[in-house]
Number of protein chains: 2
Amino acid sequence: MIRKIVFGTPFDTEAVTGSFQEWEGEVPYLKEEGGRKFSYRMEENDVVYGLGENVRGINKRGWLYESKCSDDPKHSEEKHSLYAAHNFLIVDGAEHFGVFVDYPGMVTFDVGYTDIDMLTIEAKEADLALYIIESEAGEGESISENIVKQFRALIGRSYIPPKWAFGYGQSRWSYMDEDEIREVVKAHREAGIPLDAVYLDIDYMERYKDFTVNEETFPNLADFAAEMRKQGIHLVPIIDAGVKIEDGYDVYEEGMEHGYFCKKEDGKEFVAGVWPGRVHFPDMLNADARRWFGRKYKVLLDQGIDGFWNDMNEPAIFYSEENLQNVFNKLGEFRSENLDLEKFFRFQGMVDGLANNAKDYEMFYHEHKDGRVRHDKVHNLFGYNMTRAAGEAFEELEPDRRILMFSRSSYIGMHRYGGIWTGDNLSWWSHILLNLRMMPSLNMCGILYTGADLGGFGADCTEDLLMRWLALGLFTPLMRNHAAMGTRKQEAYRFTKTESFQKIIGLRYVLLPYIYSEFMKAALKGDMYFRPLSFVYPEDTFARRVEDQLMVGESIMIAPVYEQNAKGRYVYLPERMKLVRFFGSEKESEEILEKGHHYIDVALDEVVFFIRPDHLVPVSAGGCCVEKVDFSNLKLLGFVEKEASYELYDDDGYSRDYDNPANRTRVCMDKDGKVTVWGEGRTFTAV
Amino acid sequence: MIRKIVFGTPFDTEAVTGSFQEWEGEVPYLKEEGGRKFSYRMEENDVVYGLGENVRGINKRGWLYESKCSDDPKHSEEKHSLYAAHNFLIVDGAEHFGVFVDYPGMVTFDVGYTDIDMLTIEAKEADLALYIIESEAGEGESISENIVKQFRALIGRSYIPPKWAFGYGQSRWSYMDEDEIREVVKAHREAGIPLDAVYLDIDYMERYKDFTVNEETFPNLADFAAEMRKQGIHLVPIIDAGVKIEDGYDVYEEGMEHGYFCKKEDGKEFVAGVWPGRVHFPDMLNADARRWFGRKYKVLLDQGIDGFWNDMNEPAIFYSEENLQNVFNKLGEFRSENLDLEKFFRFQGMVDGLANNAKDYEMFYHEHKDGRVRHDKVHNLFGYNMTRAAGEAFEELEPDRRILMFSRSSYIGMHRYGGIWTGDNLSWWSHILLNLRMMPSLNMCGILYTGADLGGFGADCTEDLLMRWLALGLFTPLMRNHAAMGTRKQEAYRFTKTESFQKIIGLRYVLLPYIYSEFMKAALKGDMYFRPLSFVYPEDTFARRVEDQLMVGESIMIAPVYEQNAKGRYVYLPERMKLVRFFGSEKESEEILEKGHHYIDVALDEVVFFIRPDHLVPVSAGGCCVEKVDFSNLKLLGFVEKEASYELYDDDGYSRDYDNPANRTRVCMDKDGKVTVWGEGRTFTAV
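These numbers were taken from a predicted model, which means no experiment stands behind them.

About the criteria used
Residues numbered from 1 in each chain as written. Chains lettered and ligands numbered in written order. Predicted model: local features only at pLDDT ≥ 70, side-chain atom pairs only at ≥ 80, totals over all residues. Heavy atoms only, no water. Helix = DSSP H or I, 4+ residues; strand = E, 2+ residues; numbered from the N terminus. Rg over C-alpha atoms; globule rule 2.2 N^0.38 Å. Buried < 20%, exposed > 50% of the residue type's maximum accessible area, 1.4 Å probe, protein only. Pairing = 2+ DSSP bridges. Phe/Tyr/Trp six-rings, centres within 6.5 Å; stacked < 30°, edge-to-face > 60°. Lys NZ or Arg CZ within 6 Å of the ring centre and 35° of its normal. Contact = heavy atoms within 4.5 Å. Buried area = accessible area lost by both parts, 1.4 Å probe. Salt bridge = Lys/Arg side-chain N within 4 Å of Asp/Glu carboxyl O. Polar contact = N/O pair within 3.5 Å; in protein donor to acceptor, adjacent residues only side chain to side chain. Nonpolar A, V, L, I, M, F, W, Y, C, P; charged D, E, K, R; others polar. Least-squares fit on C-alpha atoms with pLDDT ≥ 70 in both. Expected span 1.5 Å × (residues − 1). Axes fitted to C-alpha atoms, helices over the stretch in contact; angles between N-to-C directions. Parallel < 35°, antiparallel > 145°, perpendicular 65-115°, else oblique.

A.B. asks: Sorry if this is basic, but what is going on with the overall build of chain A here?
C.D. replies: When helices and strands are counted, chain A shows 14 helices and 41 strands. For a compact globule of 687 residues, the expected C-alpha radius of gyration is about 26 Å, and chain A comes in at 25 Å, within 12% of that figure. Taken over the C-alpha atoms alone, chain A extends approximately 80 × 65 × 55 Å along its principal axes. Scored against the burial criterion, the 687 residues of chain A give a buried share of 67%.

A.B. asks: What is the right way to look at the pairing of strand β40 (residues 675-678) of chain A in this model?
C.D. replies: Moving residue by residue along a regular strand, the side chains alternate between the two faces of the sheet. Residues and elements named next belong to chain A. Across four bridges, the pairing between strand β39 (residues 664-670) and β40 is antiparallel. Bridge pairing in β40 links R666 to W678. Two successive antiparallel strands, β39 and β40, enclose a turn made up of four residues, where G673 displays a positive phi of approximately 90°.

A.B. asks: Got a minute to help me understand the packing of aromatic side chains in this structure?
C.D. replies: Counted under the stated rule, the structure contains 110 aromatic pairs over all chains. For the ring pair F344 of chain A and F318 of chain B, a centre distance of 5.5 Å and an interplane angle of 10° mean the geometry is stacked. Highlighted residues: F344 of chain A in helix α8 (residues 341-352) and F318 of chain B in the loop between β18 (307-311) and β19 (319-320), drawn from two different chains. Taken as a pair, F344 of chain A and F318 of chain B share a single burial class, namely buried. Geometrically, the ring pair formed by F475 of chain B and F609 of chain B is edge-to-face, given 6.2 Å between the ring centres and 75° between the ring planes. A residue pair is termed long-range when its members are at least 10 positions apart, and F475 of chain B in the loop between α11 (463-473) and β27 (479-483) and F609 of chain B in strand β35 (residues 609-611) qualify at 134 residues. A relative accessible area of 2% means that F475 of chain B is categorised as buried. The class for F609 of chain B is buried, based on a relative accessible area of 0%. The ring of Y249 of chain A has K209 of chain A sitting right over it, with the charged end atom 5.2 Å from the ring centre. Of note, R480 of chain A hangs over the ring of Y199 of chain A, and the distance from its end group to the ring centre comes to 4.8 Å.

A.B. asks: Got a minute to help me understand the interface of chain B and chain A in this structure?
C.D. replies: You'll often see interface size given as the accessible area lost when the parts meet. Contact residues are listed per partner, giving 74 residues for chain B and 74 residues for chain A. Between chain B and chain A the total buried area reaches about 6300 Å² when both faces are included, carbon and sulfur atoms providing 54% of it. D117 of chain B is paired through a salt bridge with K497 of chain A; the nearest N and O atoms lie 3.2 Å apart. Applying the counting criterion to the chain B and chain A interface returns 42 residue pairs in polar contact (both at pLDDT 80 or more). It is helix α8 (residues 341-352) of chain B that contributes the most residues to the side of chain B that touches chain A, seven residues altogether. Classifying every residue of the side of chain B that touches chain A by side-chain character gives 33 nonpolar, 18 polar and 23 charged.

A.B. asks: Looking at this model, I keep getting lost on the relation of the copies chain B and chain A. Mind explaining?
C.D. replies: Related by rotation about an axis and a shift along that axis, the two copies of the chain form a pair. Aligned on chain A, chain B shows an RMSD of 0.0 Å; the corresponding rotation is 180° and the shift along the axis is 0.0 Å. With respect to symmetry, the two chain copies, as superposed, fit the operation of a two-fold axis. When the interface residues of chain B are mapped onto chain A, 100% of them again lie at the interface, so the same face is used by both copies.

A.B. asks: Hey, could you run me through helix α12 (residues 498-510) of chain A in this one?
C.D. replies: Helical geometry: 3.6 residues make up each α-helical turn, so side chains three or four residues apart lie on a common side. All names here are of chain A. Between its terminal C-alpha atoms α12 stretches 18 Å, which fits the 18 Å expected from 13 residues at 1.5 Å a residue. Where α12 is concerned, the buried positions are S500, F501, I504, I505, G506, L507, R508, Y509 and V510. If you follow the buried residues of α12, they end up packed against β12 (168-172), α11 (463-473), β27 (479-483), α13 (512-525), β32 (577-582) and β36 (615-619).

A.B. asks: Can you walk me through the packing of helix α12 (residues 498-510) of chain B against helix α13 (residues 512-525) of chain B in this structure?
C.D. replies: Think of two packed helices as two axes; the pair is described by the angle between the axes and how far apart they sit. Residues and elements named next belong to chain B. Interaxial distance between α12 and α13 falls to 5 Å at its minimum, and their mutual angle equals 55°. With respect to α13, the axis of α12 lies oblique. On α13, the residues that touch R508, Y509 and V510 of α12 are L512, P513 and I515. Along the lines of polarity and charge, the residues of the contact of α12 with α13 split into five nonpolar, no polar and one charged.

Shown next, in the form of structure tokens:
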């Protein structure tokens, strides 16, 4: 059951789909103060789940989180905000309920930071819609899962990408021209490392202008895209939030002509500095501007592009024109001073403080259907609506095929238009674990198509880090290796042990029938693809503690290694499971392990996973790209004690004909390995 | 056996004590190139130990480390240097040997970073002394321990602090005056939380001038120190490397008069900016300057101070006068530009690049007994020699008592004059583990008196973080809670669960007889206080993998909890051990656990440790400060299967009369709890 309680006059974020009856009674569970502060005393063993893209654990206790989309690549544990604002959480303890704070400005979630036992949620203003969700689960069902399911029904179906977007992608900020990309593709193919996509970071544009292509380095994008497609490769260009101020540049001129850019109080366009230098921000909250911006993607669609990533859409601001001038004016004053502690830090702080300065976000406005609104009050909706611009345009421009789209910044609601990647992380071992922990939190909030920059975006990657990270990443729907300019090159073929990478990345394609099927079923039913163990084993008190293992779909549990030089790890089994080492050709090894604690050896080039009793995992023979994977002749990995049944979802991978009954095939296997199939056109054989 | 191989004309770092016969043959084990590059192919299971203060694991494989003392408070795993340069490592694998590279400039240790299987050591110049250490261990003895013991004999006895320095200390950058410190002391005493020292960060000085005291905020330091001493509290002021340029300031004027400051090529004193603004650096490599600077500590000794910490002695440089002017000149040029990606990053990079700029370290010189030398070539010796300045002065000024001294920057050799703290860390959970991992690496390099800033220096601490960190910190010789200005206040009494802090910090005082005894024996015999498990159980292949447990002295193994919200952890027991929960009054619980893997519950307010079979741990009844701890009437915790024996070291805690036979008491306990003591004046009773 969901209760909606409204305070003041909430801004219509459109996070929730459809209309909803308001609850007129008191706020259940939480103590409310002034319509913007809600608190709850937690008991020692209460767990708090949710908050989507964030630092720290699956259990969010012990920190202060701020919903304030921020461009901050250093995801260290002391941060309070990352790129997104996902205001949904579940308290699982003495009481068990979900909370969604639908408010587009700053919200703080003090989950036992100030007082170790207190949860305090505080919005900047008392204009918000609060949703309290109570379980409708029957006896023995998972309460947390039920709460998520209700929440997901409230916010609408999650974005579904094309099937090829489940292949492995390679990206780097600094692929400077066609030839460099050709070389990357060739090297993967020669090394026998599968690949489906190469991402174009900002380098492909002409001086970082959206919807342009640098004609010197990419003389004919349409031809190049076609050439790549023949090799099974999709090119996926980046789109930035800011539009360069430049006379003669059509996007700039059209935006100016129609008044589509965000303006300051004086009615003049707000000027921010980003990649191209001075830019304007399209007013993504203005429906006309959004439609205009969305249709610009056609320029690239028309050149054979079928996937995009939206970046810098918090929006990130290197500086505002006003503040930059202000800083320049003040810098000179320091020149004649003895720069001691206080003065030097002030001097340096002024320059460091140029980027993403809170004051800049108070300087510009949006023209929303419900009236003019200052940006900071709706800050968390910008990236969401940029992606919505594209998503709505794609439905119009490409009604018959899915276009890949994921965004850096997001708010709940955006999950209907695109996925996300988890932003600019680092080549840190601790970011493997952070990647793992974010996944179920994001799924709770409706974001299913997601993944981290594998190998780490910033800082220098090592061979072992990349291997271990890929061993997690091969289970994430978005599986992309991405690195920043200036860092060590980290394409898988750059290191010494090519065969190990072939084997690990190859496993993604072997498991693809299962991964795609589980993703699609979760998206279509409003379920989670990644679940914390405690969601599946709610009665298991130890499962509540597990912060480094995940359930992937209905059959698999994973327990990746995320410590450098580790030769294995401890794993908790909430029930008897089968440990499998399988890479596509033959069963390398399998072992039945009892419920409880185990130490498992996992060599650097190995990936192990665990199959639940009486569950099946359909696998393919692999392939160098998604379209080469044979989904018709599958093998079945299984842990069958009595009998196991599995519903495989598969489709053409492009159309939106999700409800076609031919997409679903049921298969059964008994304990002797006898397989029965209901449905046409597919064979399954026991491994 | 140690072989010394000399290349070129090494600078005399005085890291090694006494003279040493050179080896004229080839370099054993390593492939040598050009007298400055040494490489070694590692096998898959080889472990590399050492490198002292550094990021990453006890096993250093998989990263590139640079010996280049750096002021960089962000100890993230991508860093290559921290505050110290400790060029000693041990390869433990197919072959087993130690390497010490005695070279005071930049050395890189590529331990499988570029190529996962290659160890490459590279010094900037081919003027160095290389020591290769081979084990002399007998059958069944620990080879690694033997190598360390030989190395420690080579570099001389480690610094020994007074006994009170094993008490708990509280520090914060921003204790602004006497009253604030009185309040901190009072609050600890009222909360029943033991305390022995309050550290004075830079705030006590008059405008950050070394050896001055701010007369407004600390009107009479001698009186205040005496008042504090009556309450069992020692005040420990900070001393910085740079001397403020200010007419009338005696230290500045004397230094100028005698030419004791570092000069540029043109003979003029080098000007750097640090806390006071413009400063000169005393030439710590000039014996006369060093003696002069060391004797300055007398100003504070005469006011009743008996402990110091040396800071900013990498030396840290906020800016050089030359580069600052250069940056100011260039900043204006950016004003009229459109600051795009490239220009904006260059603009911001210029300002960010002011601090600790490599070029600045090439601008000044030292007048060493062997000639003039450019700073960057001997960079890693500065902090060492600043601390040596103090250490040598203390031996002269205070021959009959020990003075507390620890430093931020260090090089091997400095360990004879002071301890270290591990520098400006952060309130990160991962820094608990980093703290743990550094401890044995530091011990290998001779640095025994050491500890991290408990609770974390930068960033905001949480109650659970502090508790878990203290549970490790109570075993480190230096046990200090320290935080930076602007962060959340983190004195133990600031949080909600005062009794838990009382209990955890109280345990330090309960264990003090053991901790002090083990520290002193290790220091006097050249042993390690903290050891990796593999040093004690060399035949145990799993022990080699353990990166989050330590042996503390001869009887105890620790396995701290370092994950937020964890209610316990996995522990590997390399042999049957007794798990103990004991806080001084009665045995809370104990349990015999078999060799192997265990999951152990550890509540937030609990500390567990493990006692080896037939080993004893002498404990006291605790106390509010070290001098209140009764070392005469002790209890014995033990895990006695047959019979256990323990040699207790204790002394007056002040004098240097370490060899007095009265300092050592032998005690035995049989399996029925019967205790026998050899020595006078102490009682021991079985718990």
